[in-house]
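In case you want the letters, here they are:
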Amino acid sequence: MADRESDNKKQVERKLKLVNVLVTVAFLVLVGRLWQLQIVKGEEYTAKSVKNMVATLPISAPRGNIYDRNGEVIANSRMAFTISLVPQDLYQSDRDFDEVVYELSELIDYPAEKITSKVKEQTEGKYAVPYQPVRLVEDASIEVVTRVEEQKINLPGVIVEEEPYRNYPLGATCGPIIGYVGQISSEELNELSDSGYKWRDRIGKTGIERTYESYLRGEDGQLIMEIDSRFRPMGTLGQEDPVNGAALTLTIDVDVQTATEKALSEQLVKIRNEGKY
């Protein structure tokens, strides 16, 4: 009888020892995991947390000026407003995407389907950049800007940017020679993405603007802002200023070019009036 009690006692002691070992192992695993999260990966998770509170907005760089041989400005940049939408900010908000797009379309008098199409174009595919603003209204009027600013608090992701736009003080004079600038196309992006181009970049399309694109193009900066849970700006954390594109001086003389174009135009009118063309 005593032997049986002794055996039972030993079995209980062995079970208690096993439980103690298991509890100790589990505790050590838990401590190890906490150490890994707080010490080893603490900085990583802290960085992620900070990142969730920060928005980075691009600051477009002005293109370099173009001058004639006498220093007269043929092309420069002027500042104007752009109404844009940051897709990622809208996706992460508590507002319905379609509702915001509809309200915005009413404010800026721009079709909702076109807004959706532009957003998809910039947020899908190989070169998607959902964190970059999608331009909707370029060179926006003060009236449109005012309407948007008044309602912006209810439209997550909607921002008003002030950007440099290409300006040609002489109008159409030298137009075929100088060319023009426009937003990069998908075909151009496929060709130039390795050179640092991305969606929403403006690029020289024809003429001097195209030929000397790499020379005239500047380097964009960025504005780093602190935002709240509704993606409203709370303050500026830092800024990297853009770098202007290089200036370019041509060998042409604007006065001579103007006189030549005028004479050619008058001659064409004369030929048409005489029924020869």
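Bear in mind the structure is a predicted one, so any value in this text is a computation, not a measurement.

Asks: Hey, could you run me through the side chain of Ser105 in this one?
Replies: Mapped onto the fold, Ser105 is located in helix α4 (residues 97-108). Take Ser105: its relative accessible area is 7%, and that puts it in the buried class. One polar contact links the side chain of Ser105 to the main-chain carbonyl oxygen of Tyr102, over a distance of 2.6 Å. Beyond its immediate stretch of four places on either side in the chain, Ser105 contacts Tyr110, Pro111, Ala112 and Ile115.

Asks: Can you help me understand the packing of aromatic side chains in this one?
Replies: Given two aromatic rings, one states the distance between the centres and the angle between the planes to describe the pair. Per the counting criterion, the structure on display carries one aromatic pair. The residue whose ring lies beneath Arg202 is Tyr165, and the NZ or CZ to ring-centre distance is 4.4 Å.

Asks: Sorry if this is basic, but what is going on with the nonpolar core here?
Replies: Looking at soluble globular proteins, one finds that nonpolar side chains tend to be buried together. Membership of the largest hydrophobic core comes to 21 residues, with the highest contact counts inside it found for Ile83, Leu85, Leu104, Ile108, Ile115 and Leu136. The set of elements that each furnish at least two residues to this core consists of β3 (73-85), α4, α5 (112-123), β4 (134-140) and α6 (142-151). The greatest single-element share of this core, amounting to six residues, is contributed by α4. For Leu136, the contacting residues outside a window of four places in its chain are Ile83, Ser84, Leu85, Leu104, Ile108, Tyr110, Ile115 and Lys118. In terms of nonpolar packing, the next biggest core, distinct from the first, is built from 11 residues, Ile74, Leu216, Leu248 and Val254 among them.

Asks: Looking at this model, I keep getting lost on the side chain of Asp201. Mind explaining?
Replies: Checked against the element boundaries, Asp201 lands in the loop between α8 (186-192) and β7 (202-204). Engagement of the side chain of Asp201 in a polar contact is seen with the backbone nitrogen of Lys198, the distance being 2.9 Å. Other than its neighbours up to four places away in sequence, Asp201 contacts Gly182, Gln183, Ile184, Gly196, Arg217 and Asp220.

Asks: I tried to follow the environment of Tyr215 on my own but got confused; where do I start?
Replies: Relative to the helices and strands, Tyr215 is located in helix α10 (residues 213-216). On the basis of relative accessibility, which here comes to 42%, the residue Tyr215 falls in the partly exposed class. As a C-alpha pair, Tyr215 and Arg63 span 152 residues in sequence and 8.9 Å in three-dimensional space. Leaving out residues up to four positions away in the same chain, Tyr215 has contacts with Gly245, Ala246, Ala247 and Leu248. Within the local environment of Tyr215, its side chain forms a polar contact with the backbone oxygen of Ala247, the two atoms lying 3.4 Å apart.

Cut-offs and rules
Residues numbered from 1 in each chain as written. Predicted model: local features only at pLDDT ≥ 70, side-chain atom pairs only at ≥ 80, totals over all residues. Heavy atoms only, no water. Helix = DSSP H or I, 4+ residues; strand = E, 2+ residues; numbered from the N terminus. Buried < 20%, exposed > 50% of the residue type's maximum accessible area, 1.4 Å probe, protein only. Polar contact = N/O pair within 3.5 Å; in protein donor to acceptor, adjacent residues only side chain to side chain. Contact = heavy atoms within 4.5 Å. Phe/Tyr/Trp six-rings, centres within 6.5 Å; stacked < 30°, edge-to-face > 60°. Lys NZ or Arg CZ within 6 Å of the ring centre and 35° of its normal. Core = buried A, V, L, I, M, F, W, Y, C linked by side-chain atoms within 4.5 Å.

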